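Listed below, chain by chain, are the residues.
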Amino acid sequence: ILSKERMVRMCAIAGMVGLPVTEETAQNMLKTMERRGPDGDGVYAGKGCTLLHARLAIIDPQGGAQPMELEWAGERYVLVYNGELYNTEEVRRELISLGHRFFGHSDTEVVLHAYAQWGSGCVDWFNGIFAMAVWEENRRRLFVARDRIGVKPLFFKLHDGGFLFAS
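Residues numbered from 1 in each chain as written. Predicted model: local features only at pLDDT ≥ 70, side-chain atom pairs only at ≥ 80, totals over all residues. Heavy atoms only, no water.

1. Digging into the packing of aromatic side chains
The relation between two aromatic rings is expressed through the spacing of the ring centres and the mutual angle of the planes. By the definition in use, this model includes six aromatic pairs. Pairing Y77 with Y115 gives two aromatic rings, centres 5.8 Å apart and planes at 75°, and the pair type is edge-to-face. A residue pair is termed long-range when its members are at least 10 positions apart, and Y77 in strand 5 (residues 75-85) and Y115 in helix 4 (residues 107-118) qualify at 38 residues. With respect to class, Y77 is no different from Y115; both count as buried. Pairing W118 with W125 gives two aromatic rings, centres 4.2 Å apart and planes at 10°, and the pair type is stacked. (Phe/Tyr/Trp six-rings, centres within 6.5 Å; stacked < 30°, edge-to-face > 60°. Helix = DSSP H or I, 4+ residues; strand = E, 2+ residues; numbered from the N terminus. Buried < 20%, exposed > 50% of the residue type's maximum accessible area, 1.4 Å probe, protein only.)

2. Some remarks on helix 4
For helix 4, spanning twelve residues, the distance from its first C-alpha to its last is 16 Å, which sits close to the expected 16 Å at 1.5 Å a residue. Counting buried positions over the twelve residues of helix 4 gives ten, a clear majority of the element. Within helix 4, burial applies to D107, T108, E109, V110, V111, L112, H113, A114, Y115 and A116. Buried residues in helix 4 make contact with strand 4 (68-72), strand 5, helix 3 (88-97), strand 6 (128-136) and strand 7 (141-146). One or two steps after helix 4, the chain reaches G119, where phi turns positive at roughly 60°. (Expected span 1.5 Å × (residues − 1). Contact = heavy atoms within 4.5 Å.)

3. Comments concerning the sheet that holds strand 5
In spatial order, the strands read 4-5-6-7; together these four strands make up an open sheet with antiparallel pairing. Both outer strands of the open sheet, strand 4 and strand 7, are each paired with one neighbouring strand and no more. Across the sheet, the axes of successive neighbouring strands diverge by a mean angle of 20°, strand direction being ignored. Of the strand pairs in this sheet, strand 6 and strand 7 are connected by six bridges, and their pairing is antiparallel. Along strand 7, the bridge assignment pairs M132 with A145. In this fold helix 4 packs onto strand 4, strand 5, strand 6 and strand 7, with an angle of close to 130° to the strand it touches most, strand 5. (Pairing = 2+ DSSP bridges. Axes fitted to C-alpha atoms, helices over the stretch in contact; angles between N-to-C directions.)

Structure, rendered in structure tokens:
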């Protein structure tokens, strides 16, 4: 049984594109997310994009660490994800049949491979609750999405020519 304190926790994601971010700013943002994801955190700082993740580890603590990166078909994808994919095994089987290989057991890895395979159409495959962001490093393009009902919130703002988001 989870304690009341642990039950209100969940992962948190945040990021920005097209805005300058110092290491100090990224660390301060992570501190605000700490209570949501006490089991680990991570930062991706790429050219033009910063992604942050604070994790509440439920399944595959090592294999689900984020931001998660994948090289596929000439593109480098970076994912931050908060959620639960109820049909993980079904989507994993389909992706394996298409040539994808998995190294862990997390739904995070399945979500990342699904995006690499189907782009924004990946959400049509998902049965679950989620907020996610995927940065396509070579194309310098960000995709953000949340579940259809909005169980996992996703807030965003256009600011000074850039884009900020957080769950």
